[in-house]
Amino acid sequence: MGQDAASRHVPVMRDRCVDLMAPALQREGAVAIDGTLGMGGHTEALLERCPQARVVGIDRDEQAIALASERLARFGDRFIAHHATYDDMAGALAAAGAESADAILLDLGVSSLQIDEPERGFSYAQDAPLDMRMDRSETRNAADLLREEDERELARILKVYGEERFAPRIARAIVRRRQTTPLTRSTELADLVLEAMPAAARHAPGGHPAKRTFQALRIAVNRELEVLDRAVPAAIEAVGVGGRVVIMSYHSLEDRLVKHAFAVGSEVDVPPGLPVVPDEAQPYLRLLTRGAEKASPEEAESNPRSKPVRLRAAERLRPTPPSRRRRDA
Ligand SMILES: C[S@@+](CC[C@H](N)C(=O)[O-])C[C@H]1O[C@@H](n2cnc3c(N)ncnc32)[C@H](O)[C@@H]1O
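Quick caveat: nothing in here was measured; it's all calculated off a predicted structure.

Definitions and cut-offs
- Residues numbered from 1 in each chain as written.
- Predicted model: local features only at pLDDT ≥ 70, side-chain atom pairs only at ≥ 80, totals over all residues.
- Heavy atoms only, no water.
- Near = heavy atom within 4 Å.
- Polar contact = N/O pair within 3.5 Å; in protein donor to acceptor, adjacent residues only side chain to side chain.
- Areas by Shrake-Rupley, 256 points an atom, 1.4 Å probe, with all protein chains shown as cover.
- Core = buried A, V, L, I, M, F, W, Y, C linked by side-chain atoms within 4.5 Å.
- Buried < 20%, exposed > 50% of the residue type's maximum accessible area, 1.4 Å probe, protein only.
- Helix = DSSP H or I, 4+ residues; strand = E, 2+ residues; numbered from the N terminus.
- Domains from an automatic or database assignment.
- Contact = heavy atoms within 4.5 Å.
- Salt bridge = Lys/Arg side-chain N within 4 Å of Asp/Glu carboxyl O.

### Some words on the site of the ligand
Phase 1: Near the ligand there are 25 residues, and of these H42, D59, Y86, D107 and Q114 occur at the shortest range.
Phase 2: G41 places a main-chain nitrogen or oxygen 3.2 Å from an oxygen atom of the ligand.
Phase 3: One of the side-chain nitrogen or oxygen atoms of H42 is found 2.7 Å away from a nitrogen atom of the ligand.
Phase 4: Look at the ligand: alone it shows 600 Å² of surface, and the protein chains cover 99% of it.

### Focus on the nonpolar core
Phase 1: Counting residues in hydrophobic clusters, the biggest one holds 38 residues, and the most contacted among them are L130, L146, Y161, I170, I174 and L189.
Phase 2: Breaking this core down by element, the ones donating at least two residues are α7 (142-148), α8 (151-162), α9 (167-178), α10 (186-196) and α11 (211-221).
Phase 3: Of the domains in this structure, domain 1 (2-113 + 224-324) and domain 2 (139-221) are the two that each give at least three residues to this core.
Phase 4: Beyond its immediate stretch of four places on either side in the chain, I170 contacts L158, E164, L192, V193, A196, M197 and T213.

### Digging into the environment of P275
Phase 1: Along the polypeptide, P275 turns up in the loop between α13 (252-266) and β6 (285-287).
Phase 2: Accessibility expressed as a relative area gives 78% for P275, which makes it exposed.
Phase 3: Linking P275 and A142, residues 133 residues apart in sequence, is a C-alpha distance of 55 Å.

### Let's talk about the pattern of salt bridges
Phase 1: Within the structure shown, the criterion is met by 26 salt bridges.
Phase 2: Between D15 and R14 there is a salt bridge, with the nearest N and O atoms lying 3.2 Å from each other.
Phase 3: D144 is the partner of R147 in a salt bridge, and the nearest nitrogen-oxygen pair spans 3.0 Å. Taken together, the positions of R147 and D144, both in helix α7 and 3 residues apart, correspond to about one turn of that helix.
Phase 4: On the accessibility criterion, R147 (45% relative accessible area) is partly exposed.
Phase 5: Salt bridges sharing common partners tie together R140, D144, R147, E148 and E149.

### What about the side chain of D107?
Phase 1: Structurally, D107 can be placed in strand β4 (residues 101-107).
Phase 2: Within the structure, the side chain of D107 is placed 2.6 Å from the side chain of Y250, a separation counted as a polar contact.

Pasting the structure below:
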């Protein structure tokens, strides 16, 4: 494509993220983890604003790691790349030789690079193989999923991950089609979704009717919610006291997980009416955002990717009492 990383993806709420993380990154040798490095836009802004800090950038996409590493080479050993999923906070800390992090950022979802490269198969608008793997060293792609899952599981995926009203009809159409020809191309799937819908729903507002099906498949292929469900508590555990966690979600399923984990940590964990709150029941997080913050109208206008964003942030007040720690975190 011949474009550099900086021009391929505009970082969402970049200045707000840096404002929220910077207070925790002022000491010499402070460590930040950018769990969704992408094209490195947020990491670059952090490295510029916090000259004492180093950043470990995680991404499961090797192409993103390569492009961002090129962009960030001028920061020398203040930037460390780590190819992994973002629940591997322990691996990221080990890569930096640190025991805990001072700030962690997760900017969930796909990058413009992934959407814009037709051969990655994320877009219903361009004809391409049905791939959708963020990490191309993984074996199972979207075409495999459409071939292997039974009708019930396909309908569940479309309903839960895509909030698709017509999930059973689309799942039935997929199974019927694959009895004769396997679905291998993005436009074949987009056309099939359109045909499976009642005529009145084909022109409903809210974008192309296949949008929700493509989102659902992407989430399933990359096991996005399973990884996120482990990653949020792992991020909370990986920051030291005074450390900050900032998470940007792009759909309600992601935001619900984040909201819940932050709520659990920021509330007093005792039945109401108890006269004294024991230490282990005290909150171990302080919320830094009131509810979820959105992009400004100006940003939403100039960068449509920022429209659905929900940003939540929290600061760690104390270690998590063992009784309240998740076993897998
Ligand atoms: C929205 S983009 C991040 C953009 C980045 N903040 C920037 O400024 O360029 C999300 C990135 O996270 C990566 N990603 C998504 N899920 C991931 C996961 N579970 N583990 C690691 N990386 C993931 C994607 O490959 C993508 O590059």
